[in-house]
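Close look at the chain arrangement
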Amino acid sequence: MRGWGRGLWIYISVSRPPALPFRPPGSSQQEAMGNWESQMSSVPAQQLDDFIKNKVKPRENDQTQMDSIVDSICNTLQNPDFFPEVQGVAKGGAYGRKTVLRDNSDCTLVLFLSHFKHFQDQKESQQKLLRKIGNRLVSNSSQSCKIQNFQGGFTIQVSTKKQTVSMEVLPAFNALGFLEKPNPWIYQDLKRSLDKTKARPGEFAICFTELQEKFFNNLPRQLKNLILLVKYWHQKCQEKMDCLPKLPPYTLELLTVYAWEQGCGAEDFDIAEGIRTVLRLIKCQKQLCIYWTVNYNFEDEIVRNILLDHIQAERPVIIDPTDPTNNVSGDNRCWQVLKQEAQSWLTSPVLDNQFPAPSWNVAPAPLFITPGHLLDKFIKDFLQLDKTFLDEIEKTIDIICKFLTQNCFRNSPMKIQIVKGGSAAKGTALKTGSDAILAVFHNSLESYLSPASKQNKIIQEIQSRLKACPQKKFEVTFEISKQKSPKALSFSLKSKVLNERVDFDVLPAFNALGEQTSGCTPSPKVYTELIDMYKSPHIPGGEFSACFTGLQRNFIDSQPTKLKGLICLMKHWYQQYERKLKTKGVLPPKYALELLTVYAWEKGSARQDFDTAEGFRTVLELVIQYQQLCIFWTVNYNFEDETVKKFLLIQIQKSRPVILDPADPTSDLGGGDRWCWHLLAKEAKEWLFSLCFKDETGNPVQPWPVPVKVI
């Protein structure tokens, strides 16, 4: 079945006697029949999972019966003795995507006909052949089938005692053939065929049916549950749209996937948070512009122009991830009704049952299509934490630090000193997550090479104290290290008043800087002792960077506010590809992008107020030129001391890229060929076509003239 057995669009409608509706514990059957059957806003947020299971998902027996019927008909259609014209059958739609609703499912069977050699062949009338296939199917099927012909295809209706399954059967050109993934030339041919036949955009989308199934195949079960809930809600909304064109359910399926990808990405999540996010995106329908580059991208000029035409058109825009010509956003009048219904459910007491009611932070349009003059607004609205939230994080971190310093090692004359680092301390935390590094200095750690057993003892003490931390203020969740003697303790904290969590890393470290006053340059002796450790080939670079957490924090935190906003933008750009590329290789540390951003600004602008689009493009240009990068700073160490000088000369002669930590010269964040810079560079090249690099008049934004190495 290779080449055609991964197909997609399936529309199945199931009818059976009405079932007893789901109702919350303690409610009467009469209340359930009246309220729960028709009013989704009556379902408490904490019971949405049960509602999906008991009301929305197909019953297990029904699904098994449905699978048996569909498989039987597909097997018959694929029998070359009966149907030699059929090259393959693709199952798609809600059935193929596994997003079938109870008692209201849909199925399409796509027949790849052997004599279809081009997209435009589908425009020819196939009524005679389809009628012939339908009649043969009825005579050879073990099921009781009814065939209903229509222009361009036919419907198979199979009835059992409890349900009726209707399958729309459509002929199609097998565009993929034996390919697992489409080549750019397939979409080039698609565009030529549309122009030649004057077909509407998306008319040949069924040729890519199998790609839809693949797109949805690996989505987690909980996300598909959220999709079912959105579709069920949409179904109820459609009852108020009798006079309006129907919005394809596939549209809201894609919107839900986008919300999850951009705002969550976890396999297990709170359904209420997910539905709030989708409803809030629906309220922003005039800003919605959603697309994917899993099957096509901006590299090919023809595909790029198709996409740019779409994303610059009137919103909403939701592009089929399998067919770049197919904007599935539907009629704008439908969205107006959905917007009203979304607002109604969002403000219902059962869904808006806590303050703040948590949802994912998702922009209605991705960064890629945000015009350059609106980047500052994008950063403020979707990336940076507001001051109230930031204050809460800082207070929460202070509570943790104070608790640990006062409660750890009570029975010992030695106390701990904590230095704060991470994005929360640097002022570069994102709404999608904050991290805090707590470097713990303890007198028992007397040198860089203090035994791991002493570090482990400190970690055990801190963990035991945190478990006793008052739970009235926050919740603490520990992540158990797999190492026998872990060098760090990781835990997550969620304040009772915070809408997001803060991830902590506690790092016991030698106090190399001593009682140094903030803002002072460290003594060269600090670094000569550090460099001496690296005579051993067994110690990796940056092994003792935790000792310099305060210097790392000060270097970023001292930068202008707008530059920290640009750093947030770069971190957001990085995060978009972190999940996507992690299976292909290990990306460089995020801190490397932060340092690269500071360098670009220092060498290219150095102004407090600068054009964010210019800065963004400059950093991406540097990423593209990663094989030439050699960057370092002399704010904490320099070439005056002979030992440090010799070491630095060795460091900057390493394989490029070289990006030395301004707090620790042994830590090369560039890493030569240690990390997969080429993956980021490939994405950065594609981004040069982004609307981010167009000004208000549509002219291209130019990067700053920045050298790729320190002069």
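Each residue is numbered by its place in its chain's sequence as written, counting from 1. With the structure being a predicted model, the display of local features is reserved for residues of pLDDT at least 70 and the display and counting of side-chain atom pairs for 80 or more, all residues being used for whole-chain, interface and lining totals. No hydrogens and no water enter the side-chain calculation; it runs on all heavy atoms of the structure.

1. Examining the overall build of the protein chain
Our working rule: Here a strand is any run of E in DSSP of at least two residues, a helix any run of H or I of at least four, and the numbering for each starts at the N terminus. Relative accessibility under 20% of the residue-type maximum defines a buried residue, over 50% an exposed one, and the middle range a partly exposed one, all with a 1.4 Å probe and only protein chains included.
For the protein chain, the count of helices and strands is 23 helices and 15 strands. Residue burial in the protein chain is summarised as follows: out of 711 residues, 54% are buried.

2. A word on the environment of Met414
Here is the rule we go by: Residue contacts follow a heavy-atom distance rule, with two residues in contact if any of their heavy atoms lie within 4.5 Å.
Summarising the element assignment, Met414 is placed in the loop between α14 (387–407) and β8 (416–421). C-alpha of Met414 to C-alpha of Ser444: the two residues are 30 residues apart in sequence and 8.0 Å apart in space. Each residue touching Met414, except ones within four places of it in the same chain, is listed here: Phe409, His442, Asn443 and Ser444.

3. Points about unusual backbone geometry
The omega angle of the peptide bond from Arg315 to Pro316 is 5°, so this bond is cis rather than trans. Structurally, Pro316 can be placed in the loop between α11 (301–311) and β7 (317–318). Cis peptide bonds are those with omega within 30 degrees of zero, and the linkage from Arg656 to Pro657 qualifies with 5°. Mapping Pro657 onto the fold places it in the loop between α22 (642–651) and β14 (658–661). Located in the positive-phi region is Lys98, a residue other than glycine, with phi close to 60°. As for its placement among the helices and strands, Lys98 is situated in the loop between α4 (93–97) and β2 (107–113). Overall, the relative accessible area of 44% leaves Lys98 in the partly exposed class. Positive phi is not limited to glycine here, since Lys198 has a value of about 55°. As for its placement among the helices and strands, Lys198 is situated in the loop between α6 (184–197) and α7 (209–217).

4. A closer look at the confidence of the model for the protein chain
Stated precisely, the cut-off is as follows: On a scale of 0 to 100, pLDDT captures the predictor's confidence in every residue.
Of all residues in the protein chain, 88% attain a pLDDT of 70 or more, and the chain-wide mean is 86. Long-range and interchain partners of residues 1–38, a stretch whose pLDDT sits below 50, account for 130 contacts in this model, where long-range means more than four residues apart.

5. Things to note about helix α20 (residues 590–604)
Put simply, the rule is: Expected helix span is computed as 1.5 Å times (number of residues minus one).
Between its terminal C-alpha atoms α20 stretches 21 Å, which fits the 21 Å expected from 15 residues at 1.5 Å a residue. The element α20 is largely enclosed, with a buried count of 11 among its 15 residues. When α20 is considered as a whole, its buried residues turn out to be Tyr591, Ala592, Leu593, Glu594, Leu595, Leu596, Thr597, Val598, Tyr599, Ala600 and Trp601. Phi for Ala606, located one or two positions after α20, is positive at around 65°.

6. Notes on the packing of helix α8 (residues 221–238) against helix α9 (residues 249–263)
Rules: Axis lines are fitted to C-alpha atoms, over the contacting stretch for helices. Their N-to-C directions set the angle, which ranges from 0 to 180 degrees. Oblique is the label for any angle not under 35 degrees, not over 145, and not in the 65 to 115 range, which are roughly parallel, roughly antiparallel and roughly perpendicular in turn. Whether a crossing is left-handed or right-handed is set by the direction in which the near helix is turned from the far one by less than a right angle, anticlockwise for left-handed and clockwise for right-handed. Polar here means any residue other than Ala, Val, Leu, Ile, Met, Phe, Trp, Tyr, Cys and Pro, which are nonpolar, and Asp, Glu, Lys and Arg, which are charged; Gly is therefore polar.
Running from N to C, α8 and α9 cross one another at 140°; their axes reach a closest spacing of 9 Å. With respect to α9, the element α8 is oriented oblique. Classified by chirality, the crossing of α9 by α8 is right-handed. On the side of α8, the interface is formed by Leu223, Leu226, Ile227, Val230, Lys231 and His234, while α9 contributes Pro249, Leu252, Glu253, Thr256, Val257 and Trp260. Taken together, the residues of the contact of α8 with α9 sort by class into 8 nonpolar, 2 polar and 2 charged.

7. Points about the sheet that holds strand β13 (residues 630–631)
Where we set the bar: Strand pairing requires that DSSP identify at least two bridges connecting the strands.
Taken together, 3 strands build an open sheet; the order of strands is β13-β14-β15 and the sheet is mixed. In this open sheet, the two strands that pair with only one neighbour each are β13 and β15 (664–668). Pairing of β13 with β14, which is carried by 2 bridges, proceeds in the parallel orientation. Counterpart to Cys630 in the pairing with β14 is Val658. Together, β14 and β15 form the strand contacts of α22, whose direction differs from that of β15 by roughly 20°.

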